[in-house]
Each structure stands twice: as C-alpha cells, then as structure tokens.
Number of protein chains: 2
Amino acid sequence: MAGSAIKPTPLLKDELDIVIPTIRNLDFLEMWRPFFEQYHLIIVQDGDPSKTIKVPDGFDYELYNRNDINRILGPKASCISFKDSACRCFGYMVSKKKYIYTIDDDCFVAKNPSGEQINALEQHIKNLLSPSTPYFFNTLYDPYREGADFVRGYPFSLREGATTAVSHGLWLNIPDYDAPTQLVKPLERNKRYVDAVLTVPKGTLFPMCGMNLAFNRELIGPAMYFGLMGDGQPIGRYDDMWAGWCMKVICDHMGWGVKTGLPYIWHSKASNPFVNLKKEYRGIYWQEDLIPFFQAAVLPKECVTVQQCYIELAKQVKEKLGKVDPYFIKLADAMVTWIEAWDELSSSEEKSSKQPNGTAK
Amino acid sequence: MAGSAIKPTPLLKDELDIVIPTIRNLDFLEMWRPFFEQYHLIIVQDGDPSKTIKVPDGFDYELYNRNDINRILGPKASCISFKDSACRCFGYMVSKKKYIYTIDDDCFVAKNPSGEQINALEQHIKNLLSPSTPYFFNTLYDPYREGADFVRGYPFSLREGATTAVSHGLWLNIPDYDAPTQLVKPLERNKRYVDAVLTVPKGTLFPMCGMNLAFNRELIGPAMYFGLMGDGQPIGRYDDMWAGWCMKVICDHMGWGVKTGLPYIWHSKASNPFVNLKKEYRGIYWQEDLIPFFQAAVLPKECVTVQQCYIELAKQVKEKLGKVDPYFIKLADAMVTWIEAWDELSSSEEKSSKQPNGTAK
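Residue numbering note: each chain is counted from 1, following its sequence as written. As a convention, the first chain written is A and the first ligand written is 1, with the rest following in written order. Local features in a predicted model are, by the rule used here, given only for residues with pLDDT of at least 70; side-chain atom pairs are given and counted only at 80 or more, and totals for whole chains, interfaces and linings are based on all residues. Each side-chain value is derived from all of the structure's non-hydrogen atoms; neither hydrogens nor water enter the calculation.

### Re the relation of the copies chain B and chain A
Once chain B is rotated about the relating axis by 180° and shifted along it by 0.0 Å, it coincides with chain A to within an RMSD of 0.0 Å. What the rotation and shift describe, once combined, is the action of a two-fold rotation axis. In terms of C-alpha distance to the rotation axis, chain B has V194 of chain B as its closest residue, with the C-alpha 2.8 Å off the axis. Residue contacts follow a heavy-atom distance rule, with two residues in contact if any of their heavy atoms lie within 4.5 Å. Of the residues that chain B buries at the interface, 100% are likewise interface residues in chain A, meaning the two copies contact each other through the same surface. Fitting of the copies onto one another was done by least squares over C-alpha atoms, counting residues only where both copies have pLDDT of at least 70.

Next up, the structure:
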C-alpha cells in the first residue's frame, strides 16, 4: 500500500489505551505498527528515570517514569511498585479511556495455523464487546462467535450472557511457567493453537497473566491493582496473579464475565529461571493460603461499586492473610492507598497538569 | 495391511464396553471397524423387538431388545425408557466392565485439521486415564497433555489433580442444538476444530450430550441414569442432560473430575426440528427451574457412595421439582428403581442367566 493510503479506523480507536511497562527502547513496536499505530500508548518506564526510552517514530504516546509517578501521586506513589512490571497499573490509573490493552515488550505478533498474522488487539476488543457466559458452561465454547451458538440444554434465560469485564489472551512459543517448571522443562514451547475463547465460570479462579491482557477500565479498572512487588518487597512475579484473583472475586460479585483463550501473541524470550525462583519462592509458598482465601471470599451485598468491593477485600486480606505474613498487612494498606489515588486522579479534571513526557505524532 | 497381520492390542481392550442404542442396522460400524473391532459392543435395540438389527460381521457384541430388558429387570424395567435413546443406560447396567464408551449410530469418524482420521475412543481413554483439574482453571488447558503443563500461579498442592470420571466429546458438522436453534439456523455446521481438553470446574454445570461420551462405570456408573423419556412420557431429548446434571453434582461431591473437548466425531444428520420441538418444549420450560435446583443442590457428608448420593438426589428431586410438575415425582421414583436394579444386577453373579441375543466373533 502507498504511504498516503487512508487507513480504516480501527475498533475503539479513541476509547482504548495500550499500556506498556518497559525498561528498554520499544523496538518491539515496529512489528505491531499495523495494529497499534492508530491507538494511543501509555508507556510506564520502570527503573532508572534518567534513562531515555526510544519509541519508534509515528506512535502517539505519553511516557511516565518514576519521577512522574512520584510527582503525580505524591506520598500515594508508595502503592506503585518499582523495578517490577507491576508498575504498569499506574498506566491504568492515568488513562481516561474506557478500555485498556496491556502487553509486554518481549511479545510479538503471532501467526494463526493458516500463517496469517494475528491482530491480537482486535480479538481482545471482540471479546470485550461480546457477552460472557459465567453461569453455565457452553461445550462449543464462545456461543457468540460466528458459526457457534448455545447447545441443547443451555437455559434460554442465560443466553443474553453477562457483560464482559476482562479478556485474557495466551502465548505461543514461551509458555508462562513458574520458575520450578521452567527449570524442569527448559525446552518446552507452546506450539498448540487452540481456536477458542471461553468464559471462566463464576466461582472459579484462574492464573491471570499480565503479558497479553485487555479489560474494561470503566467497569473493573479499580480492581486491576498489581500489588507491591519488586524493589523493597519480599516477592515478585505475583503482580498479575494478585490482580487476577482480586478481580475475579469482584467480577463474580458484580455479575461480570472474564474470558480467556484467543488471541495469542508470540512470547519471544524466557526470563531467567534462577532470578525468577528468587522472586517467586515466597509466592509459591503463600499461594497455598491465597487460593483458599480467595475461593472463600464473600463480599457483602452492600458493596455495589468496585471501589467498595476492593476496600472490603483489602480489609479481609489484612484480617486473614496478615496472619500468613506481615507483608499482607502492608499490601492491604497499599490496596487502600491505590483506591484513594485512583479516585483522586479520576476526580481531577486537569489532566494537563500531570505534564507527562508525552509526544504527539 | 494384509488380513493376517497381527493387530496391536488397543488400550483397555478388556476393560471397556461400547454401548450403542439403535433402531436400525448398524452399518455405521463399518467406518469404525479399525477402532472398535477389538472391543466388545453392547447394543440396546429400541422400539419394535421383533425387528432384526443387522450388525456387520466381525464385531463381538451382545444385543438387548425390549423383551430382554423386561425379562432381565422384571417390574423394575419401568425405569428404562422406550422409544428414546435414553434406553442406552440399560447397557451401562448390564456391562461388567470398568469403562463405558457410548456413541450414536449417526456418528462417524471425523478428521483432524491434518486430514487424519480421529480415533475418538483412544482420546476418550487418554482423557479418562489422566487426572482432571476441577479446583482451579489452567489457562493452557489440559496440563497433563504432551507439550503443556500448569502455568505460573497454579497452586502446587493442586497439581496432582483429581480422578477423572467422565470424558465428554464433541461433534463436527451437525452441532447438538435444541429445536429452536435448529429452526433458526438450519444451515449452521460446526467446522471449528478446537484442539483442547478441559475440566469443567467444580460447581459449574454443563450440557452433557450422550452422542460421544465415555465414563468410568466403576466410579460413576450408578449416576448415569438417562431418566424417563419417550414413549408414555411428557418429554424427550433431555435424557443425557438429566444424567449430566445429576452426575456433575455427584462428581463435585465425591471429588472427581469431568472433562470436555476432544475427541470429535462427525455427526452426519440433523434430527427433525419439528419432531424435536414437540419432545423438548416442556424441557425448555422446565430447565429454567432445573438448573437453579442442581446449582443449589448440596449432598450431605454422610453420602459416601454414588448410590447414596443418587438416592439423596432423588429425594431432593421429589421434594423440590415435584412442585414444578408431577412428572418429577415419577422420575424421582424411577431414579430409586434404577439404583435398586443396578445393585441387583451387580450383586448377581449369574451373568449367563441373562441370555442376551449375543453372538461372538
């Protein structure tokens, strides 16, 4: 196509931000150019704020480093992790859009079995804009997809489905394994393209990975806190898991759906399993208590907003998980700080006062 | 291959029966010959018992018609449906094997995307012999499959999984739609091969179809009652659904897993939607009460065998669904009769006294 050709406007062009946490130049965006170029990017720079992150020409973005986070949130910046990709949730907070797509900078465009490049973002948007089916399992997977429907025995009263809050995408090549599994199976690659999207049923928890994830920020944004990880914290690599468990309990309470499956991205590089083991080992131990906690968590009827749900969950975390380790008392406090900061930023109309290191195309 | 070539012994050759309900000659078995020939078949002839059903040469089978069922069960034969494929559950009862595979006679061998014929039975056996994961959702689907594992964030204490009781397979070509959906989408065909097996999570109900279904009879057989359908009953085409909902509640109670997904069979022919509508319409109405009933059903700790669970469930059906329609009172009684008949046949050692119209190869 000629450079001057008019590009069609992609879905939700002005209603979605792409959030990317990074410590390096964003050359990976070159491959995503046809799919991301018309969207706005929010880049959250982790680590040394004096370093300059190069963004390929032609992308419309704003960039925040640690100094920006500290300036914008003041003392509440303590709830945003440092030296951990958990810092990405700051991008969710400063966005004013209805939808968020977040992707890691080691994720590339995957191909489907026919060899065509997968427009991951478009699939996520389709997932978010069509209903979910959390109350009853459909054996032919997503009933709203072309060529599929609800099967015999599916109650008609449930066929309108529920509003979708989250779309969790998967990864070809390097699977999202924990350090012990990485160590045991260093050569395992995910080669299986499973052509399905499905709703995680109500009452069922799953491991939400932040690598390739989209959500309705307006609905569930305040629950997408990625916790205290990395620098100064006893744990890492549980940021997305924590958000996923909190989010799922709240979606179940609010009656919203969570999907997983398509789209795939190509995950290029396994992280160092020895480094990961150091970050994870407490989490591997703690999660044996966390899962029963979240499975049993009940939110009272009085909680009718996500913020109320989240504050209530923070209270339960402090009460019940505080006994597992004092870290969870600190985390519960940070959860409350996160909500306060979220509400503060939301109520502030003067977006320009934030002065991000942005640039326009 | 030469006719005299020695065939390898297939998995569970002497531990599995294939149950086929039918009203016609079993020519469809020709296509299944390479996969079924070494197994034993139990054919349940529905409708006119004076009709002769032809079975292709070389298959090892026993065949039961209505006269046989009446003779073997006496007055308890009332619990076995007539003029409805629900009669297939009589085959589960007379089997003495550990595993059952049941298939409809309009189901043929499907091909995978590479064009290879799918050995559906072998895939079911793999599903049954590997554990399930009912307590936590694995985003890369069956973690026990080659090339897959549990992902980051999956509690290690749950990685042993649960014993698998049921393997529910799917259908290419004609999807298993209810009459209203058939009427609205007469031309819809299922062309999507989803390369996945997954566990239906604990606490989640699904529509179990009897067309392509395998289970561990020793574990869950007594719960696989297909109810009162067809001749003299106000309803049809809810036989497998009923069994699926009862079975799932009991598997959840007992701690066993239920899988769905692969293998696919090729479903050749849509049944008449007008006839189906007549059979289904009360079920479509009733299922709006049935699903909440089964979702809320709790079995007491004292129920430690499937028989005890099933009798308890029958009691709850009578109490709670009896108010929906008197049919459920009759069905609850039939559920008790079924268990009595099951236990009677199990305790009887004189299998030969049943004198089926069998033939050996």
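Back to the text.
### Quick look at the pairing of strand β6 (residues 164-173) of chain B
Residues and elements named next belong to chain B. Only protein chains enter the accessibility calculation, which uses a 1.4 Å probe; a residue whose area is less than 20% of its type maximum is buried, one above 50% is exposed, and one in between is partly exposed. Strands here mean DSSP runs of E at least two residues long; helices mean DSSP runs of H or I at least four residues long; both are numbered from the N terminus. Judged by how many residues are buried, β6 sits mostly within the fold: 10 of 10 residues are covered. Judged from the nine bridges that link them, β6 and strand β9 (residues 257-267) form a sheet pairing that is parallel. Each bridged residue has a counterpart across the sheet, and for H168 the counterpart in β9 is T260. In this structure, β6 lies alongside strand β8 (residues 212-216), joined through three bridges in antiparallel fashion. Across the sheet, residue S167 finds its bridge partner in β8, namely A214. Any two strands are treated as partners once DSSP identifies two or more bridges connecting them.

### Regarding the nonpolar core
For the purposes of this section, nonpolar cores are sets of buried Ala, Val, Leu, Ile, Met, Phe, Trp, Tyr and Cys residues that join through side-chain atoms within 4.5 Å. Core analysis: the largest hydrophobic core is formed by 247 residues, its most contacted members being I220 and W242 of chain A together with I220 and W242 of chain B. Apart from the residues lying within four places of it in its own chain, the contact partners of W242 of chain B are Y225, L290, F294, Y310, V317, L321, F328, L331 and M335 of chain B.

### Some words on the packing of aromatic side chains
Two rings from Phe, Tyr or Trp (for Trp, the six-membered ring) form a pair when their centres are within 6.5 Å of each other. A pair whose planes differ by under 30 degrees is stacked, one over 60 is edge-to-face, and the rest are tilted. Summed over all chains, the structure comprises 40 aromatic pairs over all chains. A ring pair is formed by F28 of chain A and F108 of chain A, whose centres lie 6.4 Å apart and whose planes are at 85°; its orientation type is edge-to-face. Here F28 of chain A, found in the loop between β1 (16-22) and α1 (29-36), pairs with F108 of chain A, found in strand β5 (residues 107-108); they are 80 residues apart in sequence, far enough to count as distant. Residue F28 of chain A is classed as buried on the basis of its relative accessible area of 4%. Owing to a relative accessible area of 23%, F108 of chain A belongs among the partly exposed residues under this scheme. Arranged with centres 5.4 Å apart and planes meeting at 10°, the rings of W286 of chain B and Y327 of chain B form a pair that is stacked. Linking W286 of chain B in helix α8 (residues 273-296) with Y327 of chain B in helix α10 (residues 327-347), this pair joins segments that are 41 residues apart in sequence. What links up through ring pairs into an aromatic cluster is the set W242, W245, W286, F293, F294, Y327 and F328 of chain A. Lying over the aromatic face of F156 of chain A, R159 of chain A brings its terminal NZ or CZ to 3.6 Å of the ring centre. Whether a charge sits over a ring depends on NZ of Lys or CZ of Arg being within 6 Å of the ring centre and within 35 degrees of the ring normal.

### With respect to the UniProt feature "glycosylation site" (unreviewed entry) in chain A
As recorded in UniProt, the feature "glycosylation site" (unreviewed entry) lies at R152 of chain A. Following the sequence through the fold, R152 of chain A ends up in the loop between α4 (120-129) and β6 (164-173). Among the polar contacts made by the side chain of R152 of chain A, one reaches the main-chain carbonyl oxygen of R237 of chain B at a distance of 2.8 Å. UniProt positions are given in the numbering used here, feature names are shortened, and annotations may be inferred rather than shown by experiment. Under this definition, polar contacts are N or O atom pairs within 3.5 Å; protein pairs additionally need one hydrogen-donor-capable and one acceptor-capable atom, and for neighbouring residues in sequence, both atoms have to be side-chain atoms.

### Here we look at the environment of P175 of chain A
The topology assignment puts P175 of chain A in the loop between β6 and α5 (179-184). Here P175 of chain A falls in the buried class, since its relative accessible area comes to 8%. Residues P175 of chain A and A270 of chain A, spaced 95 residues apart in sequence, show a C-alpha to C-alpha distance of 8.2 Å. Those residues in contact with P175 of chain A that sit more than four places away from it in its chain are E188, R189 and N190 of chain A together with L140 of chain B.

### Focus on the packing of helix α7 (residues 239-254) of chain A against helix α8 (residues 273-296) of chain A
If you want to describe how two helices pack, look at the angle between their axes and the distance between the axes. All names here are of chain A. Viewed as axis vectors pointing N to C, α7 and α8 meet at an angle of 15°, and their least axial separation amounts to 10 Å. The orientation of α7 relative to α8 falls into the category roughly parallel. Crossing angle aside, the handedness with which α7 passes α8 is right-handed. Where α7 abuts α8, its residues W242, W245, C246 and V249 lie against Q287, L290, I291 and F294. Looking at side-chain class alone, the contact of α7 with α8 contains seven nonpolar, one polar and no charged residues. To get an axis, a line is fitted to the C-alpha atoms, and for a helix only the part in contact is used. The angle between two axes follows their N-to-C directions and goes from 0 to 180 degrees. Throughout this description, any angle smaller than 35 degrees is read as roughly parallel, any larger than 145 degrees as roughly antiparallel, any in the 65 to 115 degree range as roughly perpendicular, and the remainder as oblique. Handedness of a helix crossing follows the sense of rotation of the near helix relative to the far helix, less than a right angle counterclockwise being left-handed and clockwise being right-handed. Residues are grouped as follows: Ala, Val, Leu, Ile, Met, Phe, Trp, Tyr, Cys and Pro are nonpolar; Asp, Glu, Lys and Arg are charged; every other residue, Gly included, is polar.

### Considering α4 of chain A
Along α4 of chain A, the residues classified as buried are A120, L121, H124, I125, N127 and L128 of chain A. Seen from one end, α4 of chain A has its buried residues packed into an arc of 160°, which puts them on one side. By construction, the arc corresponds to the directions joining the helix axis to the C-beta atoms.

### Observations regarding the side chain of R66 of chain B
All names here are of chain B. If you trace the backbone, R66 turns up in helix α2 (residues 66-73). In this structure, R66 is buried with no salt-bridge partner, the nearest side chain bearing the opposite charge being D46 at 6.0 Å. One polar contact links the side chain of R66 to the main-chain carbonyl oxygen of S81, over a distance of 3.1 Å. Setting aside chain neighbours within four positions, we find R66 in contact with Q45, G47, P49, A77, I80, S81 and F82. The charge count includes Lys and Arg as positive and Asp and Glu as negative, but it does not include His or the ends of the chains. Basic side-chain nitrogens of Lys or Arg form a salt bridge, by our definition, when they fall within 4 Å of a carboxyl oxygen of Asp or Glu.

### Quick word on the interface of chain B and chain A
Counting from both sides, the interface comprises 59 residues of chain B and, opposite them, 59 residues of chain A. Between chain B and chain A, the buried area comes to about 5000 Å², and carbon and sulfur atoms account for 57% of it. Summed over both partners, the accessible surface that disappears when two parts come together, traced with a 1.4 Å probe, is what is meant by buried area. On the chain B side of the interface with chain A, the three residues burying the most area are F137, R152 and R192 of chain B, jointly 17% of the side's total. Summed over the shared surface of chain B and chain A, the result is 10 salt bridges. Between R159 of chain A and D178 of chain B there is a salt bridge, with the nearest N and O atoms lying 2.8 Å from each other. Connecting chain B to chain A are 28 residue pairs in polar contact (both at pLDDT 80 or more). Elements with a contribution of two residues or more to the side of chain B that touches chain A: β6, α5 (179-184), α7 (239-254), β9 and α8 of chain B. Partitioning the side of chain B that touches chain A into residue classes produces 30 nonpolar, 12 polar and 17 charged.

### Describing the side chain of S132 of chain B
Residue and element names in this part refer to chain B. Here S132 lies in the loop between α4 (120-129) and β6. A distance of 2.7 Å separates the side chain of S132 from the side chain of T164, its partner in a polar contact. Apart from the residues within four sequence positions on either side, S132 is in contact with Y144, G161, A162, T164, T199, G257, V258 and K259.

### A word on unusual backbone geometry
With an omega of 5°, the peptide bond running from L262 of chain A to P263 of chain A counts as cis. Despite not being glycine, L12 of chain B shows a phi value in the positive range, around 55°. One can find L12 of chain B in the segment before β1 (16-22). On the basis of relative accessibility, which here comes to 15%, the residue L12 of chain B falls in the buried class.

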